[in-house]
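Here's the letter readout for the chains.
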Amino acid sequence: MELIIFVIIMVAVLVLPLKLAAAMLGAKNTGVFYCLFALLLALIIQRIVGGMLPGVTDSAGILMTIPLAAIAYMLVLGTGFLKAILIALLQGIITYFAMLLFVGLPWAV
């Protein structure tokens, strides 16, 4: 039972911000499974590129993840590259504030 609850929470925390960002910016495919597949594809692309470039610092790695995730979002969600970059940035912002709500900071309630 705990595993099912964990999977539901992980889908809510990871997929729903992408779904919201894609819907706000007018992507063609905004379904939950499209967003889940886009996240998995972004993870695979980032791992492949990260394996090719060892020794990348954290700040450079963060700067690399946005365009790499945008490539996956562009392919799966059916949008342009610049709009996919905006989706990746908006997804990060939504995820940040959602995590603040989940943590339960006093000012975020």
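Residues numbered from 1 in each chain as written. Predicted model: local features only at pLDDT ≥ 70, side-chain atom pairs only at ≥ 80, totals over all residues. Heavy atoms only, no water.

Draft legend 1. Here's a closer look at the overall build of the protein chain. Counting secondary structure elements, the protein chain contains 4 helices and 0 strands. Going from the N terminus to the C terminus, the protein chain shows its helices and strands as α-α-α-α. Each principal axis of the C-alpha atoms in the protein chain carries an extent, and together these give about 40 × 35 × 30 Å. Split into buried and exposed, the 109 residues of the protein chain put 25% on the buried side. When contacts within the protein chain are restricted to residue pairs at least 6 apart in sequence, long-range pairs at least 24 apart make up 57% of them. Of the roughly 7200 Å² of accessible surface on the protein chain, 79% is carried by carbon and sulfur atoms. (Helix = DSSP H or I, 4+ residues; strand = E, 2+ residues; numbered from the N terminus. Buried < 20%, exposed > 50% of the residue type's maximum accessible area, 1.4 Å probe, protein only. Contact = heavy atoms within 4.5 Å. Areas by Shrake-Rupley, 256 points an atom, 1.4 Å probe, with all protein chains shown as cover.)

Draft legend 2. Just the nonpolar core, in detail. Counting residues in each nonpolar core, the largest one holds 21 residues, and the members touching the most others are Leu18, Ala38, Tyr73, Leu77 and Ile87. Those elements that place two or more of their residues in this core are helix H1 (2-24), helix H2 (32-52), helix H3 (58-77) and helix H4 (81-103). Looking at this core, the element that brings in the most residues is H3, giving 7 residues. Apart from the residues within four sequence positions on either side, Tyr73 is in contact with Leu18, Ala38, Leu39, Ala42, Gly78, Thr79, Ala84, Ile87, Ala88 and Gln91. (Core = buried A, V, L, I, M, F, W, Y, C linked by side-chain atoms within 4.5 Å.)

Draft legend 3. The arrangement of the packing of H1 against H4 in detail. At a minimum axis distance of 8 Å, the contact between H1 and H4 shows a crossing angle of 135 degrees. When the axis of H1 is compared with that of H4, the two are oblique. For H1 against H4, the interelement crossing comes out right-handed. Every residue of H4 that contacts H1 at Val13, Leu14, Pro17, Leu18, Leu20, Ala21, Ala22 and Met24 is listed here: Ile87, Leu90, Gln91, Ile94, Thr95, Met99 and Phe102. For the contact of H1 with H4, a count of residues per class yields 13 nonpolar, 2 polar and no charged. (Axes fitted to C-alpha atoms, helices over the stretch in contact; angles between N-to-C directions. Parallel < 35°, antiparallel > 145°, perpendicular 65-115°, else oblique. Left-handed = near helix turned anticlockwise from the far one by under 90°. Nonpolar A, V, L, I, M, F, W, Y, C, P; charged D, E, K, R; others polar.)

Draft legend 4. The packing of H1 against H2, seen in detail. Their axes nearest at 9 Å, the elements H1 and H2 cross at an angle of 110 degrees. When the axis of H1 is compared with that of H2, the two are roughly perpendicular. Here Leu14, Val15, Leu18 and Lys19 of H1 lie close against H2, whose contacting residues are Val32, Cys35, Leu36, Ala38 and Leu39. In the contact of H1 with H2, the residues fall into 8 nonpolar, no polar and 1 charged.

Draft legend 5. Region of the structure containing H4. Helix length check: H4 (23 residues) gives 33 Å between terminal C-alpha atoms against 33 Å at 1.5 Å per residue, within 8%. Among the residues trailing H4, Gly104 stands out with phi positive, at a value near 85 degrees. (Expected span 1.5 Å × (residues − 1).)

Draft legend 6. Inspection of the packing of aromatic side chains at higher detail. One pass over the structure, following the stated rule, counts 1 aromatic pair. Residues Tyr96 and Phe97 carry aromatic rings whose centres are separated by 5.3 Å and whose planes lie at 75 degrees to one another, so their mutual orientation is edge-to-face. Classification of Tyr96 by relative accessible area gives exposed; the value is 51%. (Phe/Tyr/Trp six-rings, centres within 6.5 Å; stacked < 30°, edge-to-face > 60°.)

Any functional reading would require information that these geometric values do not contain.
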